[in-house]
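What follows is each chain in one-letter form.
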Amino acid sequence: MANRKVKKFSIKMQKKLVVLFILLLAMFIGLTVRLVWITGENETDYQKQVLSQQQYTSTTIPYRRGNILDVKGTRLATSEKVYNLVIDAKVMNYKSQYLEPTLKALGENFDLDMGAVREHVTKNKSSSWYVPLRQLTYEEISGFQEAQSADSNIQGVWFEEEYRRIYPYNSLAADVIGFSGRDNVGKYGLEEYYNDILNGINGREYGYLNDDLNLERTVKSAVDGYDLHTTIDANLQMIVEKYLKQFDDEQKDSFTSGNGAENTGCVMMNVNTGEVLAMASYPPYDLNDVRNTDSLLGTRLLEEVTNAAGYTEIRKTDTIITQEVVNGLSEEQLYVNLNYLWQNYCITGTYEPGSTAKPFTVAAALEDGVIAPDLNLECNGVMEIGDYDIKCHNGPEGWLTLEQAVANSCNVSMMKIAQALGKDEFCEFQQIFNIGLKTNIDLAGEARTASLVYVADNMGPTDLATNSFGQNFNVTMIEMIAGFCSLINGGYYYEPHVVNKITNVNGATVQNIEPRVLKQTISESTSELIRQYCRAVVEYGTGKTARPAGYMIGGKTGTAETIDPNTHKRSETEHVVSFIGYAPADDPQVAIYVVVDRPNSDKQGNARYATKIVRNILTEALPYLNIFMTEEVTEEEQQELDALQQSIIGQYAPSAPEGGQEDGEGAEDGQGAEGGDSQGSGQSPEGGSPEGNGQSPEGGSPEGNGQEPEGGSQGEGGEGGQGEGGAPPATQGESVPNPDIPVNPNLPTNPNMEE
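Residues numbered from 1 in each chain as written. Predicted model: local features only at pLDDT ≥ 70, side-chain atom pairs only at ≥ 80, totals over all residues. Heavy atoms only, no water.

Asker: Got a sec to walk through the overall build of the chain? Specific residues and values, please.
Answerer: What the chain contains, in helices and strands, is 21 helices and 25 strands. The buried share of the chain, reckoned over its 755 residues, is 53%. For the chain, the proportion of contacts with a sequence separation of at least 24, taken over those separated by at least 6, is 74%. Just so you have it, the chain exposes about 33,900 Å², and 48% of that area is on carbon and sulfur atoms. (Helix = DSSP H or I, 4+ residues; strand = E, 2+ residues; numbered from the N terminus. Buried < 20%, exposed > 50% of the residue type's maximum accessible area, 1.4 Å probe, protein only. Contact = heavy atoms within 4.5 Å. Areas by Shrake-Rupley, 256 points an atom, 1.4 Å probe, with all protein chains shown as cover.)

Right under this line is the structure:
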């Protein structure tokens, strides 16, 4: 052992080892550099290749559609989180001990056909997506989640989150709000107009599933939609809708079967900003159940027909919709009728404004200087224009001041004023007042009326005469009230709007929408005269029944015939009646416009149908708005207010006093006062507790009585009287139909339907 030779590396071998080591090191460094370069240049591509060979998931995180709030912050439309029950049969069958405990927990906590669920799970073991229940609330899923937490063998069930649009007050402000479905696409109203603002951006959860099915990777959060803060006051809206319903309850089936009128609408607006405070039409519909056919009952059936030109159009029939009729409708027919129900009559319905256009005629002539405030006009009861005799509803009235001509609604005086103004100036002022133009209110579906008004080139003398008192051209309600506000606020035309602010989910303001003055229509001096004349209408003219207890207001009544679709001549029996006004008379703050389209009566041309609604609304609304009384309250009016207060707070239900007649009432308002209590429905919205009017607080159920004070009634021109049983007298208001007078060929023959 001691003699054994120890082998040593020779110098030559050591050199070889060093060279080999250096080569290996160089190769390693080169490989490392190459890998780093490849990773930097092609990282994404290689990640995709790797992930494509693995099991991974990508889940959408839904955004929350923005709220729609009233002026006090009450939620009129909101979205709540709901859950879809998702069954993953692949996971449930992964281990034998998962199946039965999971099926048992599903059966105990959900209303499911467990036979169908078991069949699906056992026959589709590779299925990862089966949704037997949708839009469950948190309360509905919480029991299963507790069971799942307590038993680890309950596997293969998870809950997909989404949002459901809800409307806390059901039909309240339905025309203004509109609705949206599961696809978050708004239809009608604010939901459609501001659809992109209300919608947000979906988020996404990118997940890699490991062997334990635990989700890894990253989450991109959803961006919620913006909130709309509207000018609508939910309490005012309730008041308006309550009295529209009361009118329908009183008038439905009174002459023929069906609703109280073809259409009834009301708009309340801030005179000095153009903000819409309330807007409603009747019948309404339930925003949470838009396909509910109950609201169709009592309306006229619509049908699609092919006209002479070969185009399909929608027309009203004489059939009144009953449940039996609904049951017989096809899906297409039902949609046609529901679509009409969903439209907002206040911005889509067109009609002839009647005598509510007379203040516009007078304002135009005063502003143009062709007449003076001290003008006296002689009314002989009839005026021959273009070989046609156009009568005044009052008969001969003799000499009238300009104020009396407006207060008594004298057609002859308006025709003389229009002649002095001339057709060129008349048409120019219609443009100035925005008649025939869209207001661009921020609601979807506003109708265009440009083709329904005359231009100077095609206006004849008879057309000018009839236009002077509001016939032979069509308007929308929003068009009229926006223009009327400029007549009484000093001449400033504000663009009407419903939304005044947009905020994000954190409450930060994204956009303020300020009142926008588009133009000045008339001077302050002319505006002051129009206020004076409109006050006279209510003081001693055709609009006395519109005055609420304790207040003096101004305004103008209106009556117009509809056009017979068969003869294309003016109907002698079907009328649209209206009242447009403001309060208080000396300091206009709020404007109101009510239109009743063909009331259910054998004497339709009576503006009292509209003035009574206005009076009832303002009696309750003005105290709520903290507008102080301007007039002394009579004993009868005080009794009425006391009864109204008690009915609102639900402590006393007043009985209807016997109605009388009010002295000095116009022929169109010749119906005697009608007593009666109104019973509204619905609770006062949160955050909107009114002051001063007795409106019920949260959870209350307001009721109003809307009864008329006792008094005498006399027809315009001294002809008084009341029909038997409280019916309107035989006179047909301010409008005296002459079927021979030419009708504007552009006006729709099917009233209020777009053609």
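Asker: I'd love a proper account of a nonpolar patch on the surface, names of residues and values included.
Answerer: A grouping of Val-18, Phe-21, Ile-22, Leu-25, Phe-28, Ile-29 and Val-33 is seen on the molecular surface, where their side chains present a nonpolar patch of about 710 Å² in accessible area. Taking relative accessible area as the criterion, Phe-21 reaches 55% and is therefore assigned exposed. (Patch = residues over 30% accessible without salt bridge, like charges linked within 9 Å, V, L, I, M, F, W, Y side chains within 5 Å. Salt bridge = Lys/Arg side-chain N within 4 Å of Asp/Glu carboxyl O.)

Asker: Quick rundown of the packing of helix H13 (residues 358-368) against helix H15 (residues 411-421)? Include the residues and the values.
Answerer: Packing of H13 against H15 brings their axes to within 10 Å, and their N-to-C directions diverge by 35°. Two packed elements cross with a definite hand, and for H13 against H15 that hand is left-handed. Judged by residue contacts, Lys-358, Thr-361, Val-362, Ala-364, Ala-365 and Asp-368 of H13 engage Asn-411, Met-414, Ile-417 and Leu-421 from H15. Classifying every residue of the contact of H13 with H15 by side-chain character gives six nonpolar, two polar and two charged. (Axes fitted to C-alpha atoms, helices over the stretch in contact; angles between N-to-C directions. Left-handed = near helix turned anticlockwise from the far one by under 90°. Nonpolar A, V, L, I, M, F, W, Y, C, P; charged D, E, K, R; others polar.)

Asker: Could you give an account of the packing of aromatic side chains, with specific residues and numbers?
Answerer: Taken as a whole and judged by the stated rule, the model has 16 aromatic pairs. Relative to Tyr-138, the ring of Tyr-83 has its centre 6.5 Å away and its plane inclined at 55°; by these criteria the two rings are tilted. Of the two residues, Tyr-83 is situated in strand S3 (residues 75-87) and Tyr-138 in helix H5 (residues 138-150); the sequence distance between them amounts to 55 residues. Judged by its relative accessible area of 12%, Tyr-83 falls in the buried class. A relative accessible area of 47% means that Tyr-138 is categorised as partly exposed. For the pair Phe-110 and Phe-144, a centre-to-centre distance of 5.7 Å together with 40° between the ring planes defines the contact as tilted. (Phe/Tyr/Trp six-rings, centres within 6.5 Å; stacked < 30°, edge-to-face > 60°.)

Asker: Which residues make up the side chain of Arg-570, and what values do they have?
Answerer: Inspection of the secondary structure puts Arg-570 in strand S24 (residues 570-583). With relative accessibility at 7%, the residue Arg-570 sits in the buried group. Among the polar contacts listed, one links the side chain of Arg-570 to the side chain of Glu-352, at a separation of 2.9 Å. A distance of 3.2 Å separates a polar atom in the side chain of Arg-570 from a polar atom in the side chain of Asn-472. (Polar contact = N/O pair within 3.5 Å; in protein donor to acceptor, adjacent residues only side chain to side chain.)

Asker: Tell me about the pattern of salt bridges, residues and numbers included.
Answerer: Here the structure, examined in full by the defined rule, presents 26 salt bridges. Between Glu-313 and Arg-315 there is a salt bridge, and its shortest N-O distance comes to 2.5 Å. The salt bridge partner of Lys-603 is Asp-602, with a shortest N-O separation of 3.2 Å. Under the relative-accessibility criterion, Lys-603 is labelled partly exposed at 23%. The structure contains a network of salt bridges with shared partners spanning Glu-262, Arg-300, Lys-316 and Asp-318.

Asker: Explain H13 to me, using residue names and the numbers behind them.
Answerer: Owing to its 3.6 residues per turn, the α-helix aligns residues three or four sequence positions apart on the same side. Burial analysis of H13 places nine of its eleven residues in the buried class, which makes it a mostly covered element. Inspection of H13 places Lys-358, Pro-359, Phe-360, Thr-361, Val-362, Ala-363, Ala-364, Ala-365 and Leu-366 among the buried residues, and these make up the whole buried set. Within two residues after H13, Gly-369 carries a phi angle of roughly 85°, on the positive side.

Asker: Account for the pairing of strand S12 (residues 276-282), naming residues and giving values.
Answerer: Within S12, seven of the seven residues are buried, which leaves the element mostly enclosed by the surrounding structure. Pairing geometry for strand S11 (residues 261-270) and S12, over six bridges, is antiparallel. Each residue of the ladder has a partner; that of Met-268, found in S12, is Ala-278. Hairpin connection of S11 to S12: five residues between the antiparallel strands, including Gly-274 at a positive phi of 80°. (Pairing = 2+ DSSP bridges.)

Asker: Describe in detail the confidence of the model for the chain, supporting the description with residues and values.
Answerer: The predicted model of the chain has a mean per-residue pLDDT of 84, with 82% of residues at 70 or higher. Taken together, the stretch residues 651-684 has pLDDT below 50 and engages in 145 contacts with residues farther than four places along the chain or on a different chain. (pLDDT = per-residue confidence, 0-100.)

Asker: Run through helix H20 (residues 608-624), naming residues and quoting values.
Answerer: Look at H20: 24 Å from first C-alpha to last across 17 residues, which is about the 24 Å you get at 1.5 Å a residue. Within H20, 17 of the 17 residues are buried, which leaves the element mostly enclosed by the surrounding structure. Trailing H20 by a residue or two, Asn-626 shows a phi angle of about 60°, which is positive. (Expected span 1.5 Å × (residues − 1).)

Asker: Explain the sheet that holds S12 residue by residue, including any values.
Answerer: Strand order in the open sheet formed by five strands is S12-S11-S25-S24-S23, and the pairing between neighbours is antiparallel. Strands at the two margins of the open sheet, each flanked by one partner only, are S12 and strand S23 (554-563). Strand-to-strand, the axes of this sheet are offset by a mean angle of 10°, without reference to chain direction. Note: S23 against S24, nine bridges, orientation antiparallel. Across the sheet, Gly-554 pairs through a bridge with Tyr-582, a residue of S24. In the packing of helix H19 (residues 524-539) onto the sheet, the strands contacted are S23 and S24, and the crossing angle to S23 comes to about 75°.

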